Amino acid sequence: MPFTHAFVSNKHIYLCQLPTANCQQDVLFGKGKIALNHPGNDQFRTIVESWKKKYSNAKPADKRKIALEIIKIIESLDPPGRFLIEVSNESSGACSGSWVQVNREKAIKKVCHRLREKKKESRKSRTIDESRKSANDEGIDEHAIKSGEISGGNDELARVVDAASLINNSLVSSANKNQFWSCRIKNSPRNGNMPILSEAGANLESEIYCEINTAASHLEQGAQYFNENDITNGDSSLTPSEFLEDGYNISKISTSPGLPAAALENSKTVKLNEWIAHTVKAVGISTFANSSHYSSYGDDIASWPAEAKTSIASSSEYYILHALKIGLSLADQICNWDEFRQNNSNGHDGFMSQPGKDWSSRTVVHVLHETMNNAVFDLEPLPLSSANETLWGSNDSDSILQSITQSQQLLNRDSSEEQDKYQLLKPYKAQILPPTEDERWNTNGNLKKIHLHVIYNLGEVFYVLFSGGNKLHEDEEYEAYEHNTRRDRFEPAVDFSGQLKISHIGSSRGDAIHFGNKKGRSSDTESDGCHVTAIESLKRHGVPIAICKLIGNMLDCKNGDIIADDSYHHIADVRSDLQLMIKKPDKFLWDLDAEKLCKTGLELTVNALYGRKKELESLSDWYQRPSSQNDEFAIISGPSGIGKTALANQFEKFVTDSGGIFISGKFDQLKQSAPFPTIACAFNEYCNFLVGDVGSRESVDIASALREVFGRDACYLARMIPNLSMIFGGFDDCGDANDCVNAEKRLQYLLCRFVKVISSFSAHPIVLFLDDLQWADQASINLLSQLLLESRFSRFLIAGACRDNEMRHDHPIWNMVSAVQHLGVKAMNMKISLLDKMTMNAMVSDVLCLPPRVTRPLSDVVHHKTKGNPLFYSRLMISLNKEGLLQFSLSRRRWIWDEENIQSRKIPDDVAKLLTSAISQLPSDVQAALCALSCFGASLDVSIVEILERYLDLQLKSSLGVAATEGFLDLIKGRYIFSHDRVQEAAYNMMSTKERALRHSQYGVAIYSYAIDSGRTDELLFTAIDQINRGGPTFISDSEQRALMSNLNLQAGKKAMDMSDFSSALTFFEYGVSFFEENLWQNNYYLTLALFDNAAKCAYAIGDHDKVNFLAEKVLTSARSFGDELNIMYFTVSALCDASLLDEAIQKSVWVLSMLGEELHPASSREKMLVLIQETRSTLCDRVDDELMRYKPMEDSSKIMTMKFLSRLVVTLVMARPAEIPLVTLKMVQLSLAHGMSPMSAVGFVYFGSILASIGHIEEGCRFVKLAKNLVQRFGCREVAGEVIAIATQTIGFVDPIHTTLDLHMEGYKMALEVGDTRSASINFFFYCSCLLWSGSKSLSFTKNKFEEVCRFMKQHNVVAILLIAGTRTMDKLIDGDVSQNEPPSNIPTEEFLKEKNPYAAKMLHFQNMFIHFMFRNFEAMEFSAKKYFDYKL
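Throughout what follows, the structure given in this document is the object of discussion. Bear in mind that the values here come from a model prediction, so they are computed numbers and not experimental data.

Remarks on the overall build of the protein
Looking only at helices and strands, the protein has 63 helices and 22 strands in total. Scored against the burial criterion, the 1434 residues of the protein give a buried share of 54%. For the protein, restricting intrachain contacts to residue pairs at least 6 apart in sequence, the fraction spanning at least 24 positions comes to 75%. With the model as given, the accessible surface of the protein reaches about 62,400 Å², and the carbon-plus-sulfur share is 50%.

Put into structure tokens, the structure is as follows:
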């Protein structure tokens, strides 16, 4: 198939011509015949149908994943399917016949749309089937239904069947109305009143609850109606702000686009009362009439009171929501008038009608004409007037009235009663027409009274709107209501639960609690105003209480006065409340479940985020940034309880909904001993995700790539990430995890490679989030540092959160951040501040389900006491509810509070004190259980709790259940988790230091006892020994018990070393020493020696050279034999070498070797050294390579240790005294020939071959370096592989072309990193770059970048190799052509420093300068440098 490339957003977009054989699997966008008949679309529809049930039952967060799975199925076909859209001709706009592949987001939307779509062709058959079922239930013959012969007792059913047929037939002719609706049977109404709507022909005993699942299809004219505010189910790509619930963002609601011009052609204008009457009639009550709930009115619907019919219809959800839209449109119109009037002092006062005039008679509604079957159920507000209209819409009253007349003719046209019954007039805008000249009101005067008059007049309109067309009567208008007075008058009222009962009129105060406040009234005794009768009438009609309250508060503004505390002061408040009802109907519109709230009390919003819109958008931008530009470490910082984790949770939702992967871990203050607990937990989570996606193409590819990249090394990584074994299917025994130079460096390298593999297969970035960084252990910080450096510019992003107010400026995290910043990694520190008053009011409003204007007094008090801390706020609100200062009123069906007592209540100024106070009010057994749980950190597995119950005879689970009910912790997936870290800290701090130590010891011993009994020692070792160590030796007096605890620490330390966590291992070894008494060496010599030796090894691995020297001093003074000193002496020499104390390292090495019986006598002259070399050559000349390869292995332990010291000495001499290298090399070769080959023999032979080549025996030298490489393979001594390959490859370069050495050096670089040998890796990398330059294999710019990468690598891993740094500087100057002597070497110590630390390096600096000047023919400068080089005395 011919393709052409087009670049869009740096991605290849392929254009293709259809149809071809390779396009049969593709999915085509569009509605034409090509797309309709395309085989790929048929196949796509079949696949979608099989997933619809799972999609409809899925949670919103999982629906996008289902769509992605379908896309993967299409893409996995053979040939792979694509999602294509036809490209239009730029000049003519016509279709070009070329198709372009859409991006992933458009494909997802396409799939989601199809998954939500209903089968249009099944509507008619479904209606007939349901009608048939209903008829069968009524005992009606099916044939009678088909023929229309239904007995008189079923007239209503006959009318429904006729209507159903009429509607289904109308579907054929209504091609321009292709919007769809869905319905589901719901046995209980949404707000306790009436179901909203029934589909014609459905079972008459079923109540149908209509809802929209997605945006409506466009009208055929191409208009998109309410597109910008479509309601979604979480399965489309959302902007970050749509995840927020901070405040109410009312501007979004009030700026909906207007109806498109094409759709306006079908719009009509009617009077408000006509819209009400027609909509009430269209909604109807026939479906509800036969229900037993309304049997009290009789079977004959015609005989029902008109008020009852109107009441049922006007309380339906459909009617209420559309009436709210009309109300919002009117309120918005008046707000615009008020704003215009403030900015223009003349010209528009006359648009306001006089007080007392009926505004409802001058209110018109612009509607769309549609049938019930095409009704679109949405919650979007009415659009505002467009910018070019006046405030009042059209001022041409004649044209509007003419339009109304035409609409009346439309309503009154001759049509069957049934058809008119199902005809809907959907509002899209409403307005109050300008008054006549004699009705105009001069508004010059008291603006406050003007506003109140306007609110009252609009309240009258709302009363008409929501009462089903009834107007406010005089007796309702002026009937006053006395507070706390129970009425004795009763009258029948409709109970919408289905029964007719006698209802008390007015507000029953029998359950009220009367609080006093500054005004002498409580929030509960606030007046319902002067219009109680009118409001009660609305309540009897089934209007939601929230709307009744709104209208009552508006009517309280009668005569320009404010009667009640809740009365409105400005029309903008009315508009805000209407917007809330539309945006969040569950909270602010429908009636609350009073019974539940009285039982459960206050329930705070879970996973809600307030006041963090800017921060979330910043994180979202960071996530969406191209990988080539994203090298930032995102840090969320702020004090405890500020909402860092809540922000991260919302960011996680954004990432997962965008198709990305979010893995997380949490550092714990009391879980520091286990190796890499947090990072391991996060990557275990990823492995679970990958295993759960088993069978998908991506998971199979990732598993295959991991096996190829890691091979047997994967077992080392699996010790940290146990779930990795599920991907690899298990591992063979890895053997000793310490068979390397630096196991911690090896783990860092392996994990970085793991991240590189998994991110390369991910279409979206993988985010690693680490919480509570202030408690991160050093090993995890080191690992995090390497991940940051190695994952730059990849699809792997790292973010974290910390309490910066609890961290010093020299905290290890800040030191790490500073270090990686110097290496090019950026850090984005996002400081989270306290919430302001407006945001906190939004939180209080949301949780109490009351408008912000009502909750503002309470939220101001709460903000003053909590300073805007979200955690403090949540605990305070719960405390107020428990103390009775904040409670739900049954009489008013809303939350009430005692503002004066809350204001005067003494509240701790710190959330920790508040939590401690709250915990102290719990029963004593619950407090004890929380204290026990707090000893294990932020969470604990239920199985550990059961162990404590069993072995310590405690009753914990029942008490923890009470604590969970009180909101202090949660039980999630078999783990008790504190609701917040501060709760755990508060419980832990309630115990004294002595009590904590005692509890820790008891818990640790109990867990270890269970581990022994159950055989789960390996699994529970870290948990048990961590508790024992925290308790300390104080409560363990028996010497045998102390020795046991020391031995357990030795086991735990070795296990931590196997997992490459030397920091945790060192902690275990130190704890092990602490359990001994003063005479530890005398009573437990070998256990003590093992603890010190292993501690020294760990200290050396983490670079703590001072601790190595301290431990060595202790061992050397207490060791019983020289052999017991060797291990710690080896680590001492290695630490001296790494610290550039080369002379001291050489002296100690020579002394140790002499003690081992191997004297090193320096040759008196070069000639003497050549003689020694020749003697060794003669010994080896008669031995062929096969013989040497099969040579016996070395078994003498002292000789093996001698070879280790000689190997270490060679490395030291390379940097300080290269002239003495032959002496040590010859000794290693001679020992190998005399006592057998050891893993270190390869080092001796590779240096011996290099020496032979340097004195002219090149072929013989190549022979021995190749032998050295073979010895590495024979003994599997990978710890020296990097060094051997580096020296061997440089020697082979004397024979083979130089470009052939490039791959060999990269192999050595890789093998060195696999064993954590960063020094040998640096050597190989430097030699690779040098050979790259001299071979000319790559461009100079590429070579220069590689040299810069070498420098970064050495700095990143703290490789102190002066010669390599000087060499990279030399090569850099050769590439740039810069031979200036004035530029100081920025990354090389001064000559004075080197003279003291490494004189040989100081001498080599002059050699490097001499070489540079020679290359650029600067002979005078070359002579100067050569003189300094040859005159330099070592």
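Regarding the state of the cysteines
Going through the model one piece at a time under the given rule, you end up with 0 disulfides. Note on cysteine 931: no disulfide assigned, nearest cysteine sulfur contributed by cysteine 935 at a separation of 7.4 Å. Given a relative accessible area of 7%, cysteine 931 falls into the buried group. For cysteine 935, a relative accessible area of 0% gives the class buried.

What to know about the packing of helix 2 (residues 39–57) against helix 4 (residues 104–116)
How two helices sit against one another is set out by the angle between their axes and by the gap between those axes. Axis separation between helix 2 and helix 4 bottoms out at 8 Å; the angle between their running directions is 70 degrees. In terms of axis orientation, helix 2 runs roughly perpendicular to helix 4. Between helix 2 and helix 4 the crossing geometry is right-handed. Counting all contacts with helix 2, which are made through Phe44, Val48, Trp51, Lys52 and Tyr55, the residues of helix 4 involved are Lys110, Val111, Cys112, Arg114, Leu115 and Arg116. Here the contact of helix 2 with helix 4 is built from residues that sort into 7 nonpolar, no polar and 4 charged.

Things to note about the sheet that holds strand 20 (residues 939–941)
Spatially, the 3 strands line up as an open sheet ordered 20-22-21, and their pairing is antiparallel. Only two strands of the sheet have a single partner each, and these edge strands are strand 20 and strand 21 (969–972). Across the sheet, the mean angle separating the axes of adjacent strands is 20 degrees when strand polarity is ignored. Of the strand pairs in this sheet, strand 20 and strand 22 (residues 975–978) are connected by 3 bridges, and their pairing is antiparallel. Considered in strand 22, the bridge of aspartate 941 is made with arginine 975.

Considering the environment of tyrosine 1309
With respect to the element layout, tyrosine 1309 can be found in helix 57 (residues 1301–1314). Remark: the alpha-carbon pair of tyrosine 1309 and phenylalanine 1327, spanning 18 residues in sequence, is separated by 9.9 Å. Filtering out sequence-adjacent residues up to four positions away, tyrosine 1309 remains in contact with Ala1321, Asn1324, Phe1325 and Phe1353.

What about the sheet that holds strand 13 (residues 632–637)?
Taken in spatial order, the 5 strands line up as 14-15-16-13-17 in an open sheet, and their pairing is parallel. Two strands in the sheet have a free side with no partner beyond their single neighbour: strand 14 (661–666) and strand 17 (826–831). Ignoring strand direction, the axes of neighbouring strands in this sheet form an average angle of 20 degrees. Note that strand 15 (residues 766–771) and strand 16 (residues 796–802) share 5 bridges and pair parallel. Bridge pairing in strand 16 places phenylalanine 769 opposite alanine 799.

Description of the nonpolar core
In terms of nonpolar packing, the biggest core is built from 175 residues, with Leu848, Met877, Leu886, Leu930, Leu960, Phe1205 and Phe1245 touching the most fellow members. Considering every element that reaches this core, the biggest residue donor is helix 46 (residues 1085–1101), with 11 residues. The residues contacting leucine 886, other than those within four sequence positions of it, are Leu602, Leu848, Leu858, Met877, Leu880, Asn881, Trp895, Ile896 and Trp897. Formed by 82 residues, the second largest nonpolar core is a distinct cluster that contains Leu751, Cys752, Leu783 and Ile813.

A closer look at the packing of aromatic side chains
Evaluation of the coordinates by the stated rule reveals 32 aromatic pairs. Seen in terms of ring centroids, tyrosine 951 and tyrosine 1010 are 6.1 Å apart; in terms of plane orientation they differ by 80 degrees. Their pairing is edge-to-face. Highlighted residues: tyrosine 951 in helix 38 (residues 942–952) and tyrosine 1010 in helix 41 (residues 993–1014), separated in sequence by 59 residues. Residue classification places tyrosine 1010 among the buried positions, given a relative accessible area of 15%.

Rules used in this analysis
- Residues numbered from 1 in each chain as written.
- Predicted model: local features only at pLDDT ≥ 70, side-chain atom pairs only at ≥ 80, totals over all residues.
- Heavy atoms only, no water.
- Helix = DSSP H or I, 4+ residues; strand = E, 2+ residues; numbered from the N terminus.
- Buried < 20%, exposed > 50% of the residue type's maximum accessible area, 1.4 Å probe, protein only.
- Contact = heavy atoms within 4.5 Å.
- Areas by Shrake-Rupley, 256 points an atom, 1.4 Å probe, with all protein chains shown as cover.
- Disulfide = S-S within 2.5 Å.
- Axes fitted to C-alpha atoms, helices over the stretch in contact; angles between N-to-C directions.
- Parallel < 35°, antiparallel > 145°, perpendicular 65-115°, else oblique.
- Left-handed = near helix turned anticlockwise from the far one by under 90°.
- Nonpolar A, V, L, I, M, F, W, Y, C, P; charged D, E, K, R; others polar.
- Pairing = 2+ DSSP bridges.
- Core = buried A, V, L, I, M, F, W, Y, C linked by side-chain atoms within 4.5 Å.
- Phe/Tyr/Trp six-rings, centres within 6.5 Å; stacked < 30°, edge-to-face > 60°.

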